[in-house]
Amino acid sequence: MTDTSNPEIGQLQLLGIDETAATAVSGAGFEPARLTQARRLAGVTKKTVADSLGVSPVAVGQWEAGTHPPRPDHITGLAEALNVPAACLAVGRPYARLEASAAHFRSLRRTPAIQRAKAIAFTEQVWELTYALEKRIQLPAVDLPGFSAGEITSGAMPSDPVNAAQELRRRWGLGTGRISQLVRTMEHHGLIVTLVPFAGTATATVDAFSTSHLPRPIVVLTPDRADDVYRHRFTAAHELGHLVLHGDTAPGDTQQEKEADQFAAELLTPAAVITPLLPTRMDFKILDRLSQEWGVAVESLVYRCREVGTISEPAYRRAFQRLAQLRKLNLFQPEPVTGSPGENPLLLRRAFDLAEKNGLTLPQLADELKVKLPRLRLLLGVDDPRPRLTLV
Amino acid sequence: MEVRDRPQDQLPEGEDAAETARAEEEAVLKELEALGRVVTIGYSSNTSGVIEIGWGDCELLDDEGHVRWPHWETLPMTGTLGEGENGTGLWGAHGPKRGPNPTRFDADAPLDDDFGLTPRSPLDVPRSVSRSATSRPAAMVMSRCD
């Protein structure tokens with residue numbers, strides 16, 4: 001049974017508390033996979049951990065492989081080096097391990113391996129938070145065609161991305177018009193969506209990714225795209241495309257990325273409806289209006305114009321050049337996601353709010369998940385309400 | 001509008017006065033030209049506000065209004081960057097504010113959402129976990145080692 005009475009987690013640590021936890025964790029209580037997860041979350045290598053503890057990288061490798069458990073003083077050192085409570089390294093909590101090969105990274109080639117590992121560990125932690133909240137709150141049932149128990153059954157949806165997008169619109173009752181809030185719609189159908197700066201300064205190299213290999217599909221959107229709500233919506237639709245189309249195939253194929261883009265374009269702007277509205281010559285005024293009405297970037301509409309044949313290839317290239325010039329003049333400036341509440345993930349925070357009304361506190365939840373309070377706030381996407389002290 | 005040819009001496013009084021005023025203005029401009037420089041102020045804007053403002057020498061090239069700027073200096077904008085609509089970064093304080101766009105994609109989106117969430121009985125097992133317990137995908141390992 002988890003002790004949820006310790007409010008000190010994530011706050012001022014009194015001397016001796018973590019040492020006691022370290023003693024309890026050592027030996028049979030140590031969970032090797034938790035060390036790997038904590039190290040990946042910290043974004044460091046085994047060698048970095050070994051150097052900070054004054055041991056060899058081989059020793060850290062043995063701890064993670066489970067062949068030799070670390071001593072209590074090493075548990076304390078690991079907790080300090082990785083900025084986690086010592087109890088985080090203990091057995092006894094539900095753990096869903098996600099293989100790196102089971103997540104579709106938007107920019108797989110651009111994402112360094114260490115950041116990919118961090119992103120995967122973050123996603124595992126998001127699932128643990130979801131599970132902890134789902135024990136208390138009834139979340140929307142997962143309604144993703146073909147999805148069951150962390151698997152996508154092939155054949156449930158058309159394999160062609162355009163047909164799949166049309167079919168998903170039909171199944172989700174979206175009609176053929178604009179989608180006023182895509183992220184919220186995904187959450188209503190049981191998908192977990194997050195938008196937090198888990199990768200810090202490396203966020204831009206991680207980009208967005210998604211997985212259908214956990215008990216709930218998870219889409220991770222990154223704040224580097226959140227300065228442009230249209231780009232953000234397209235990214236969310238792109239990841240939804242991966243979940244619908246590529247659940248049972250290995251990620252990393254460029255063809256899959258193209259298909260996810262085609263899915264996103266058809267989902268956000270169904271060809272049958274948008275084509276008659278597109279200008280027959282490059283008219284940025286019309287495109288700007290359509291962009292605002294449909295919640296897609298002007299670039300996406302220019303691309304659509306070429307796709308449906310309303311403009312020629314040279315006109316398409318000129319349009320992008322002209323667009324770049326106009327952007328330099330502050331025209332077509334992006335609008336941030338903060339102006340569109342329906343594109344900001346809310347499900348987990350609302351679930352916590354309700355759990356809180358029923359007696360759960362942040363420190364209790366942090367203790368249950370064995371994370372520090374700042375980490376839990378990050379996972380929930382809530383700000384620290386305390387004023388920040390700045391020494392001048 | 002009907003336009004007829006008329007001898008100059010038959011111009012109505014108002015039109016005559018306008019001609020006189022224009023001639024005086026041209027004479028003043030010629031004097032000013034001798035004393036200094038005539039600069040033209042130009043700006044670009046849309047409904048969100050002024051995008052750029054500046055001044056310089058302007059030369060009219062044809063009857064269709066095409067101009068050439070042999071010299072142009074951008075003037076500093078004193079508004080606060082980011083005051084434009086939805087924080088677009090335009091200097092919206094200088095121009096007319098655009099109200100809520102009723103045709104914007106999210107204009108009819110609800111402002112708040114509780115997802116219809118309800119507390120669960122403490123004895124219930126989360127649906128997603130109860131499903132996964134019977135079928136574990138290769139990429140996922142559930143462990144509960146207590």
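Worth saying up front: this structure is predicted, and the values here are computed from it rather than measured.

Let's shift gears to helix α16 (residues 347–357) of chain A. Residues and elements named next belong to chain A. Those residues of α16 not exposed but buried are L347, L348, A351, F352, L354 and A355. In a view along the axis of α16, the buried residues occupy a sector of 160°, so they form one face of it. Of the residues flanking the end of α16, it is G359, one or two places downstream, whose phi is positive at about 110°.

The next point concerns the packing of helix α3 (residues 46–53) of chain A against helix α5 (residues 72–82) of chain A. Describing two packed helices takes the angle between their axes plus the distance from one axis to the other. All names here are of chain A. Relative to each other, α3 and α5 sit at 120°, their axes nearing to 10 Å. The orientation of α3 relative to α5 falls into the category oblique. Where α3 crosses over α5, the two elements pack in a sense that is right-handed. Residues V49, S52 and L53 of α3 touch α5, and the partners they reach there are H74, G77, L78, A81 and L82.

A word on the pattern of salt bridges. All names here are of chain A. Taken as a whole and judged by the stated rule, the model has 23 salt bridges over all chains. Linking E167 and R170 is a salt bridge whose minimum nitrogen-to-oxygen distance equals 2.6 Å. Residue E167 and its partner R170 are both found in helix α7 (residues 161–171); the two are separated by three residues, about one turn of the helix. The class of E167 is buried, set by a relative accessible area of 16%.

This part is about a nonpolar patch on the surface. Residue and element names in this part refer to chain B. Together, L60, V67, W69 and W72 make up a nonpolar patch on the protein surface, roughly 370 Å² of accessible area in all. Mapped onto the elements, W69 comes out in strand β3 (residues 67–74). A residue is classified by how much of its surface remains accessible, and W69, at 32% relative accessible area, is partly exposed.

Residues and elements named next belong to chain A. Sheet architecture is open: four strands sit in the order β2-β7-β8-β6, paired in mixed fashion. Whereas interior strands pair on both sides, the edge strands pair on one side only; in this sheet they are β2 (104–105) and β6 (192–195). Note that β2 and strand β7 (residues 209–211) share two bridges and pair antiparallel. If you follow F105 over to β7, its bridge partner there is F209.

Each value, and the rule that gives it
Sequence order as written defines the numbering, with residues in each chain counted from 1. The lettering of chains begins at A and the numbering of ligands begins at 1, in the order of writing. With pLDDT at 70 or above as the cut-off, local features in this predicted model cover only qualifying residues; side-chain atom pairs require 80 or more to be listed or tallied, and sums for whole chains, interfaces and linings still use all residues. Only heavy atoms go into the side-chain values, all of them from the structure, while hydrogens and water stay out. Only protein chains enter the accessibility calculation, which uses a 1.4 Å probe; a residue whose area is less than 20% of its type maximum is buried, one above 50% is exposed, and one in between is partly exposed. A run of H or I in DSSP counts as a helix once it spans at least four residues, and a run of E counts as a strand once it spans at least two, with each numbered from the N terminus. As used here, the arc belongs to the directions running from the helix axis to the C-beta atoms. Every axis in this analysis is a line fitted to C-alpha atoms, fitted for helices over the stretch in contact. Angles between the N-to-C directions lie between 0 and 180 degrees. Any angle that falls under 35 degrees is termed roughly parallel, while one over 145 is termed roughly antiparallel, one within 65 to 115 roughly perpendicular, and all others oblique. Whether a crossing is left-handed or right-handed is set by the direction in which the near helix is turned from the far one by less than a right angle, anticlockwise for left-handed and clockwise for right-handed. Throughout, a residue-residue contact means that at least one pair of heavy atoms, one from each residue, lies within 4.5 Å. Any Lys or Arg side-chain nitrogen found within 4 Å of a carboxyl oxygen on Asp or Glu counts as a salt bridge. To count toward a patch, a residue needs a relative accessible area above 30% and no salt bridge. Like charges then connect within 9 Å, nonpolar side chains (Val, Leu, Ile, Met, Phe, Trp, Tyr) within 5 Å. Working definition of accessibility: Shrake-Rupley area with a 1.4 Å probe, residue cover restricted to the visible protein chains. Should DSSP find at least two bridges between two strands, the strands are regarded as paired.

Interpretation note: all reported values are geometric properties and have no functional meaning in isolation.
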